[in-house]
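Structural overview
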Amino acid sequence: MAVATKSLLLGLLAGVFLALLAPRFVLQAQLPAPKEGLELGTNSPLSHFDTMAQVLRTIARRGACGYKSLWAASNLPSRYPTASAITSAPRSHTNFSTTSANMSGQKTFFDAVKERRTYYQLNKEAPISDKQITDIAEKALLHVPSSFNSQSTRLVVLLNKDHETFWEFVLEVLKPLTPEDQFSKTEQKINGFKGAYGSILFYEDPEPVENLRKAFPLYAHHFGDWSEHTNAMHQYALWVALEAEGFGANLQHYNPIIDQKAADHWNIPLGWKLRSQLVFGGRAGEPGEKQFQETHGKRLFVHGAKE
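Residues numbered from 1 in each chain as written. Predicted model: local features only at pLDDT ≥ 70, side-chain atom pairs only at ≥ 80, totals over all residues. Heavy atoms only, no water.

Side note on the pattern of salt bridges
The test is simple: Salt bridges are defined by distance alone: a side-chain nitrogen of Lys or Arg within 4 Å of a carboxyl oxygen of Asp or Glu. Helix numbers and strand numbers start at the N terminus; a helix is a DSSP run of H or I with at least 4 residues, a strand a run of E with at least 2. Between buried and exposed lies partly exposed: a residue is buried under 20% and exposed over 50% of the maximum accessible area for its type, with that area taken using a 1.4 Å probe on protein chains only.
According to the stated counting rule, one finds seven salt bridges in the structure shown. Across the pair Lys124 and Glu164 runs a salt bridge, and its minimum N-O distance is 3.1 Å. Separated by 40 residues along the polypeptide, Lys124 in the loop between strand E1 (122–123) and helix H6 (130–143) and Glu164 in helix H7 (residues 161–174) bring together distant segments of the chain. The class of Lys124 is partly exposed, set by a relative accessible area of 40%. Residue Asp205 is joined to Arg154 by a salt bridge in which the shortest nitrogen-to-oxygen separation is 3.1 Å. Remark: Arg154 occurs in strand E2 (residues 153–159) and Asp205 occurs in the loop between strand E3 (198–204) and helix H9 (206–215); sequence separation between them is 51 residues. According to the relative accessible area criterion, Arg154 is partly exposed, its value standing at 23%.

Below, the structure written as structure tokens:
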């Protein structure tokens, strides 16, 4: 009878041990192994004992709480989250953002797309620093796609006095080209751009485009169009990004009449082709109401969609 009782007690203790230990090993089996090998022989609580019998006797002596303390004292690397951490960890929702200054994680990418508008009334207030403006421009150059990864777009960012100088040049070039009775209106418009905070000049460098034409003659007649596509994507990306930070902006096209003066003053290669100018600044007014044309059946056609 004593032998049977002892066997039953050992069986119960073994069950307690497995109930405590098994969930940890099951959890580890479900997770990817760490980069460094996790050797049970050196880091496991079992390494503190010679035999399983010693473990069982220790459990019986300390109780379940004692074994939990034993596990914590065994210096097992905490590479894996606990089951409670896995079930309670909040899900990550990555939201669109350019800098951490003004555009918080509350705004999604399509919020920014929808809120991009043409602002003509601008002032010299800037919601972010000049460095952050430069960082946004650099990110556009790094991550906006281009055909065959040609990376043919070039950006010239003009801020403060340099921005004003550019629009003074534009006015200077326009004066002899504009009828005298219309010049005051033109001057007012250009001074409106000058009154903004900055401008980004979008150029295309023809050299990488020509290299692609030579490397892929079958597509040679397409590379000019594809170059324009990538430049347009840079324009749009920066327009959305700057307005997401709180700027207003509008896109202008005073090329090619301003190309020579800009090239001379800012040492810009004459071979580069100026495609547009993005004017941005603080919002001093509201954009006009936007009219939307019908989409489905007129501008949008979908085939093969599942309900």
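Considering the pairing of E3
For a regular strand, side-chain orientation follows a simple rule: the groups alternate between the two sheet faces. Spelled out, the test is: We treat two strands as partners when DSSP finds at least two bridges between them.
Taking burial as the measure, the seven residues of E3 include seven buried ones, the bulk of the element. Neither face of E3 is left uncovered, since the one carrying Gly198, Ile200, Phe202 and Glu204 and the one carrying Ser199, Leu201 and Tyr203 both have all their residues buried. The sheet contact formed by E2 and E3 spans seven bridges and is antiparallel. Paired with Thr153 across the strands is Glu204, a residue of E3. Pairing of E3 with strand E5 (residues 273–283) involves seven bridges; the strand directions are antiparallel. Within E5, the position partnered with Leu201 by the bridge is Gln277.

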